[in-house]
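If you want the building blocks of each chain, they are given just below.
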Amino acid sequence: MTTRIDIVAGSAADVRSLLTWLRRVDGVAVDVVPAVPGPGEQGAGWELLSVAFGTGGIGIAALQTVQTWLENRRSTIRIRVKGTGADREVELDASNVADLMPLLEKMVDGTA
């Protein structure tokens with residue numbers, strides 16, 4: 001079974017930075033999904049990262065990478081977990097990442 005998490009970051013720079021970090025995690029496939037332009041816009045840049053991984057500890061490694069990245073910034077990101085029987089969304093920032101990480105790990109491994 002493949003689990004996918006979608007990560008929405010606050011800016012294009014945050015998306016590029018987190019993409020670089022996540023591409024270093026073995027066993028994780030990361031795609032950048034373009035934003036849908038609004039009326040009258042030519043394009044809005046990159047909207048989210050779609051991160052896919054199989055079973056095992058790979059998802060936890062990806063989440064730990066996100067946690068470390070986020071703790072070094074003042075950004076806020078939203079993470080949506082799909083594919084484990086859960087379809088939930090969690091908003092993380094540097095102030096709540098430690099509290100919410102156990103919930104995210106349970107969501108990724110299908111126990112929450």
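Because the structure is predicted, anything quoted here is derived from the model rather than measured.

Asks: I'm lost on the pattern of salt bridges in this one. Help?
Replies: Throughout the structure, instances matching the rule amount to 1 salt bridge. Notably, a salt bridge pairs Asp6 with Arg4, separated by 3.0 Å at the nearest N-O pair.

Asks: I tried to follow helix H2 (residues 58-71) on my own but got confused; where do I start?
Replies: Quick reminder: α-helices carry 3.6 residues per turn. Residues three or four places apart thus point the same way. Compared with an ideal rise of 1.5 Å per residue, which puts 14 residues at 20 Å, H2 spans 20 Å between its outermost C-alpha atoms and is within 8% of the ideal. Turning to H2, its buried residues are Gly59, Ala62, Leu63, Thr65, Val66, Gln67, Trp69 and Leu70.

Asks: Would you mind going over the pairing of strand S1 (residues 3-9) with me for this structure?
Replies: Regular strands place side chains that alternate from one sheet face to the opposite one. The buried fraction of S1 amounts to 6 of the 7 residues, a majority that puts the element mostly inside the structure. Direction of pairing for S1 relative to strand S4 (residues 76-82): antiparallel, over a ladder of 6 bridges. The residue of S4 that forms the bridge with Val8 is Arg78.

Asks: What am I meant to see in the packing of H2 against helix H3 (residues 97-109) here?
Replies: A pair of packed helices is captured by two measures, namely the crossing angle of their axes and the spacing between those axes. The interhelical angle for the contact between H2 and H3, taken along N-to-C directions, is 160°, at an axis separation of 10 Å. The pairing of H2 with H3 is recorded here as roughly antiparallel in orientation. In this structure, the crossing between H2 and H3 has a hand that is right-handed. Where H2 abuts H3, its residues Gly59, Ile60, Leu63, Gln64, Gln67, Leu70 and Glu71 lie against Val97, Ala98, Met101, Leu104, Glu105 and Val108. Partitioning the contact of H2 with H3 into residue classes produces 8 nonpolar, 3 polar and 2 charged.

Asks: Hey, could you run me through the environment of Arg73 in this one?
Replies: Residue position: Arg73 is located in the loop between H2 and S4. Look at Arg73 and you get partly exposed, because its relative accessible area is 24%. As a C-alpha pair, Arg73 and Ala94 span 21 residues in sequence and 6.9 Å in three-dimensional space. Among all residues touching Arg73, those that are not within four sequence positions of it are Asp14, Ser17, Trp21 and Ala94. Side-chain polar atoms of Arg73 contact the backbone oxygen of Trp69, separated by 3.1 Å.

About the thresholds
- Residues numbered from 1 in each chain as written.
- Predicted model: local features only at pLDDT ≥ 70, side-chain atom pairs only at ≥ 80, totals over all residues.
- Heavy atoms only, no water.
- Salt bridge = Lys/Arg side-chain N within 4 Å of Asp/Glu carboxyl O.
- Helix = DSSP H or I, 4+ residues; strand = E, 2+ residues; numbered from the N terminus.
- Expected span 1.5 Å × (residues − 1).
- Buried < 20%, exposed > 50% of the residue type's maximum accessible area, 1.4 Å probe, protein only.
- Pairing = 2+ DSSP bridges.
- Axes fitted to C-alpha atoms, helices over the stretch in contact; angles between N-to-C directions.
- Parallel < 35°, antiparallel > 145°, perpendicular 65-115°, else oblique.
- Left-handed = near helix turned anticlockwise from the far one by under 90°.
- Contact = heavy atoms within 4.5 Å.
- Nonpolar A, V, L, I, M, F, W, Y, C, P; charged D, E, K, R; others polar.
- Polar contact = N/O pair within 3.5 Å; in protein donor to acceptor, adjacent residues only side chain to side chain.

Function cannot be inferred from these measures alone, as they are strictly geometric.
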